[in-house]
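Close look at the chain arrangement
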Amino acid sequence: MGCAPSIHVSQSGVIYCRDSDESNSPHQTTTISQGTATVHGFFIKTDAAESLPSVLAYQSRATRTSSRREKKENSNCTEAETQTSHTSVKQVAATEVHFGPMRLTQDPFQVLLVFAKEDSQSDGFWWACDKAGYKCNIARTPESALEYFLDKHHEMIVIDNRHARCFDAEALCRSIRATNPGETTVILVVVPQLCNDQEESSVLPLLNAGFNRRYVENPNVTACYNELIQLEYGEVRSQFKLRACNSIFTALEHCQEAIEITNEDHVIQYVNPAFERMMGYHKGELIGKELTELPKSDKNKADLLDTINTCIKKGKEWHGIYYARQKTGDSIQQDVKITPVIGQGGKIRHFVSIKKLCSGNNKQIYNMHSEDKYMEENSQSDSQSLRYKDRRKGSIDVKSITSRRSDGSSYNRRHSSMARIHSMTIEAPITKVINIINTAQENSPVTVAEALDRVLEILRTTELYSPQLGNKDDDPHTNNLVGGLMTDGLRRLSSNEYIFSKTYRQTEKSEVPLWTSLDGQIEEEPDLQQNYSHIAVPVALSDVPPHIADLLEDEESWDFNIFELESRTNKRPLFYLGLKILTEFGVCEFLNCSEKTLRSWLQLIETNYHASNSYHNSTHAADVLHATAYFLRKDRVKGSLDELDEVAALIAAAVHDVDHPGRTNSFLCNAGSELAVLYNDTAVLESHHAALAFQLTAGDDKCNVFKNIERNQFRTLRQAIIDMVLATEMTKHFEHVNKFVNSINKPMTSIEETSSNSECSDGERPSSFKNSIEDRLLIKRMLIKCADVANPCRSIKLCVEWAGRISEEYFAQTDEEKHQGLPVVMPVFDRNTCSIPKSQISFIDYFITDMFDAWDAFANLPTLIHHLAENYKYWKTLDECECKGLRPPPDS
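Read on for an overview of the structure. (Residues numbered from 1 in each chain as written. Predicted model: local features only at pLDDT ≥ 70, side-chain atom pairs only at ≥ 80, totals over all residues. Heavy atoms only, no water.)

**Topic: the overall build of the protein chain**
The helix and strand inventory of the protein chain stands at 35 helices and 21 strands. For the protein chain, buried positions account for 47% of its 892 residues. Summarising the internal contacts of the protein chain: among those between residues at least 6 apart in sequence, 66% fall at separations of at least 24. By element, 50% of the accessible surface of the protein chain is carried by carbon and sulfur atoms, the whole surface being about 45,500 Å². (Helix = DSSP H or I, 4+ residues; strand = E, 2+ residues; numbered from the N terminus. Buried < 20%, exposed > 50% of the residue type's maximum accessible area, 1.4 Å probe, protein only. Contact = heavy atoms within 4.5 Å. Areas by Shrake-Rupley, 256 points an atom, 1.4 Å probe, with all protein chains shown as cover.)

Quick look at the structure:
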């Protein structure tokens, strides 16, 4: 099959055609005059070069060179050629560029080469344009270059400055810059290479002439190509975005609202014609002046400007009514919205003010219409007013409008009722908030009223702290984690039969409850204390075996190896670690109990953890207890809680998963278990853990660590323990985290900023914060939540072990759900297909990162945050290897 023809179009429109395999034979060139002709089956119109299909408008460089040299050798005529490479036609397409919220389309890229002579450098740029798929023109003189540029508005111009005698490159650059399209084009200057003894000259004269960039002579096509590509993705694209600003300024110029833009120091940078009309100034009188230089109206409140500045300096938008003074001296009322704009360095660099002129009677503008107005309006304006009014829910409705149009009595009755509601003596806090917002809506601008409507809609929902999830179809791991951990997952079988059913067996002594297990076998309900009396009372702390005591010496370190303790204690880590930690924190002294009672209690609690669970066993309880103690030793935590809080936190950590069956709440609800029925499918396991802990403790006097404390103190301690155990339930995860951020982190930041120059140490806190019951409650909840799911923040070895254990427990649940025909709560946790790295990444992204960022900001936990980052990187690496079917790196 023959090669495509090589076509050359001269400026006059004459086409020179040659087969590419005959390009070295000048006598084979075919000349086609202006008009039409058929070449190799192509129909060609020769009126102008650009009318040719791009696949024909290109000629090989060798052909074009020999042809031109034959025709233009020693000639002063200007020659301009248009080319587009046939190899890059498919690449030349419009490019989509995003500029803020704008979506722009950039046409195929055009380059103008200005070279007085053809040489290897011009060839280099020519072929670089061909390689990049750019449209390219060549000009030989400044006049033809300027003519071509004004005709085609090239995005980039390359000007040869190696031969000063041919033309003045700097003068040409200035001429181009003086034109309107020349303001945003990118101009590259080619300079000669320096000799070894020449000193590098400054580029400043070139920049002052208008060049964007200097290119040192290098005819290598790849070097030219790299230069052009860098400019396209850098300055050319930036200039393209700047050109799009013309449309924005056009919109601003024709906008009916007055717009004023200032810098961060409130120096006016721009005003639109509507602003000029409103204020009576010409923009030349305003631009460059500070706002403080303009006359102020005396109708504003004295502190209004301070209020506005305080708001916008924090990066918040301000919206309200403001009186401004016109050039004539008259005061006018404006509806003003001031929006800070973040710029260089992440700082506020501009303030954009949008101003609407209010009418003389403000109520007619913002309450839409007075009652007299309703009587005069036609049906169209009436319906429009109704539409605006109806946006203020709680202010007015259709019935009140129609009634009011006759006698106005409904309007008065309604406001009388609202007044009675506002005067209620018994109000919930949320009711107070809603009433305040309703009152504020009455005299607010329409835009403010609409925004407050949206606020009310949110406040009236029951899930104030649950995040609004986007579409997670592409992330089944996150979907499954959310479904399995943050919902009760209650989905009954079609027969609505409970999988667990309780029957009774009559014995000589009493009715003994029996359980029907999932495999259908009848089993006696385990007596939670039946074997306890046969277990010897454990040793005292002073008698702990040396191989265990040595390991416990390192207990205060975050990298303490809980699995080594599990091994050395024969799966009794909670007893030994609990005995050391609770003794260290003075729990026996606080509860007024003996160490023997504490030892008995610890063994009782550990006995009721299921050693058969791969994750929710006494090792997990010991791990959570270790994390809790670690957090309680932090200065800020210690300074915020009292002794009762510390004791409650340690006990809650020890019992928080007692008698955990190794299945999730969703599983128990779907299976219709006794516990789910007992606790109404709500926080089933957490309620069971808390209740059973107190039941076990009170059931045996030898284990009752609470028997000697005063009744009121016990009630307070009991409520604190229950609250912390219930806080580990994941359905309210985001509620606890967000409350902590809003009530602890943010006020703490403000306090620290205020007292940064005071003499207080970092650990000191205002007494009002420390003594706030609500704040201490939030801190304790956050503490045990972080301790409960701190696995991703442990050292990599411990983190990986915990990930394997929890995955195994979920695998077992999925197996059982499939075997029993139950809904599969977390389908991705199928032992045959599950990706543990993906599950860990989703868990960290969705639950861990934000929570530990907030906890670290309060408690200062750099080691944990470091481990979290390293572990996340580790899981990411494994996930990438899994996706590519590669072996993990040796160090993984």
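**Side note on the pairing of strand 16 (residues 318-325)**
By the bridge criterion, eight bridges tie strand 16 to strand 17 (residues 331-342) in an arrangement that is antiparallel. Residue pairing for strand 17: Arg-325 is matched across the bridge by Ser-331. Counting the residues between successive antiparallel strands, the hairpin from strand 16 to strand 17 contains five residues, one of them, Gly-329, with a positive phi of roughly 100°. (Pairing = 2+ DSSP bridges.)

**Section: unusual backbone geometry**
Even without being a glycine, His-266 presents a positive backbone phi close to 65°. Along the chain, His-266 falls in the loop between strand 14 (258-263) and strand 15 (268-271). One non-glycine residue, Asn-570, adopts positive backbone phi at about 55°. Within the secondary structure, Asn-570 is located in the loop between helix 19 (562-568) and helix 20 (573-584).

**A short note on a negative patch on the surface**
Together, Asp-550, Glu-553, Asp-554 and Asp-559 line one region of the surface with negative charge. Mapped onto the fold, Glu-553 is located in the loop between helix 18 (546-552) and helix 19. (Patch = residues over 30% accessible without salt bridge, like charges linked within 9 Å, V, L, I, M, F, W, Y side chains within 5 Å. Salt bridge = Lys/Arg side-chain N within 4 Å of Asp/Glu carboxyl O. Lys, Arg positive; Asp, Glu negative; His and termini not counted. Charge placed at Lys NZ, Arg CZ, Asp CG, Glu CD.)

**Considerations on the environment of His-153**
The topology assignment puts His-153 in the loop between helix 3 (142-152) and strand 11 (156-160). Under the relative-accessibility criterion, His-153 is labelled partly exposed at 42%. Considered as a pair, His-153 and Val-111 are 42 residues apart in the sequence and their alpha carbons are 9.2 Å apart. Looking at His-153, its side chain comes within polar contact range of the main-chain oxygen of Leu-150, at 3.3 Å. (Polar contact = N/O pair within 3.5 Å; in protein donor to acceptor, adjacent residues only side chain to side chain.)

**A word on the packing of helix 20 against helix 22 (residues 595-607)**
The geometry of helix 20 relative to helix 22 is characterised by a closest axis approach of 9 Å and an angle of 145° between their N-to-C directions. At the point where helix 20 passes helix 22, the crossing takes the right-handed sense. Counted together, Pro-573, Leu-574, Phe-575, Gly-578, Leu-579, Leu-582 and Thr-583 of helix 20 and Glu-595, Leu-598, Arg-599, Trp-601, Leu-602, Gln-603, Ile-605 and Glu-606 of helix 22 form the full contact between these two elements. Residue composition of the contact of helix 20 with helix 22, grouped by class: nine nonpolar, three polar and three charged. (Axes fitted to C-alpha atoms, helices over the stretch in contact; angles between N-to-C directions. Left-handed = near helix turned anticlockwise from the far one by under 90°. Nonpolar A, V, L, I, M, F, W, Y, C, P; charged D, E, K, R; others polar.)

**Structural notes on the pattern of salt bridges**
Inspection of the entire model under this criterion finds 31 salt bridges. A salt bridge links Arg-162 to Asp-119; its shortest N-O distance comes to 2.6 Å. Of this pair, Arg-162 sits in the loop between strand 11 and helix 4 (169-177) while Asp-119 is found in the loop between strand 9 (110-114) and helix 2 (120-132), placing the two residues 43 residues apart along the sequence. Look at Arg-162 and you get buried, because its relative accessible area is 12%.

**Considerations on the packing of helix 33 (residues 796-820) against helix 35 (residues 862-884)**
Between helix 33 and helix 35, the least distance of the axes is 10 Å, while the angle of their chain directions is 55°. It follows from the interaxial angle that helix 33 and helix 35 lie oblique. Crossing of helix 33 against helix 35: the hand is right-handed. Where helix 33 abuts helix 35, its residues Ile-796, Cys-799, Val-800 and Ala-803 lie against Asn-871, Tyr-874 and Trp-875. By residue class, the composition of the contact of helix 33 with helix 35 is six nonpolar, one polar and no charged. (Parallel < 35°, antiparallel > 145°, perpendicular 65-115°, else oblique.)

**Quick look at helix 33**
Relative to the 36 Å expected for 25 residues at 1.5 Å per residue, helix 33 spans 36 Å between its end C-alpha atoms, a close match to the ideal helical length. Where helix 33 terminates, the next one or two residues include Gly-821, which has phi positive at roughly 75°. (Expected span 1.5 Å × (residues − 1).)

**Some points on the pairing of strand 15**
If a strand is regular, its side chains alternate between the two faces of the sheet. Examined bridge by bridge, strand 14 and strand 15 share three bridges and lie antiparallel to one another. Note that in strand 15 the partner of Thr-262 across the bridge is Ile-268. Between the end of strand 14 and the start of strand 15, which pair antiparallel, lie four residues, with His-266 showing a positive phi angle near 65°.

**Details of the packing of aromatic side chains**
Scanning the model with the defined rule gives 24 aromatic pairs in all. With centroids separated by 5.4 Å and ring planes inclined at 75°, the aromatic side chains of Tyr-615 and Trp-802 adopt a geometry described as edge-to-face. Taken together, the positions of Tyr-615 in the loop between helix 22 and helix 23 (618-632) and Trp-802 in helix 33 put the pair 187 residues apart, joining distant regions of the chain. Residue classification places Trp-802 among the buried residues on the basis of a relative accessible area of 1%. On the numbers, 4.9 Å between centres and 65° between planes, the contact of Tyr-810 with Phe-829 is edge-to-face. Here Phe-829 lies in the loop between helix 33 and helix 34 (836-859) and Tyr-810 lies in helix 33, a separation of 19 residues in the sequence. Tyr-810 sits in the buried class, given a relative accessible area of 11%. What links up through ring pairs into an aromatic cluster is the set Trp-558, Tyr-630, Phe-631, Phe-740, Trp-855 and Phe-858. (Phe/Tyr/Trp six-rings, centres within 6.5 Å; stacked < 30°, edge-to-face > 60°.)

**A closer look at the side chain of Glu-817**
Positionally, Glu-817 belongs in helix 33. Given a relative accessible area of 1%, Glu-817 falls into the buried group. Setting aside residues up to four positions removed in sequence, Glu-817 forms contacts with Phe-667, Leu-822, Pro-823, Val-824 and Val-825.

**Comments concerning the sheet that holds strand 16**
Read from one edge to the other, the open sheet built from five strands follows the order 15-14-18-17-16, with strand pairing classed as antiparallel. The sheet is open, and its two borders are formed by strand 15 and strand 16, each paired with just one other strand. The average angle at which neighbouring strand axes cross in this sheet is 30°, direction not considered. Two strands pair when backbone bridges link them, and strand 17 and strand 18 (residues 348-357) are joined in this way by nine bridges, in the antiparallel orientation. What sits directly across from Pro-340, in strand 18, is Phe-351. Sheet contacts for helix 9 (residues 304-313): strand 16, strand 17 and strand 18; angle to strand 16, the most-contacted strand, approximately 140°.

**A look at a nonpolar patch on the surface**
A surface patch of nonpolar side chains, about 240 Å² in accessible area, is lined by Val-203, Leu-204 and Leu-207. Secondary-structure assignment places Leu-207 in helix 5 (residues 204-209). Using a relative accessible area of 43% as the deciding quantity, one classes Leu-207 as partly exposed.

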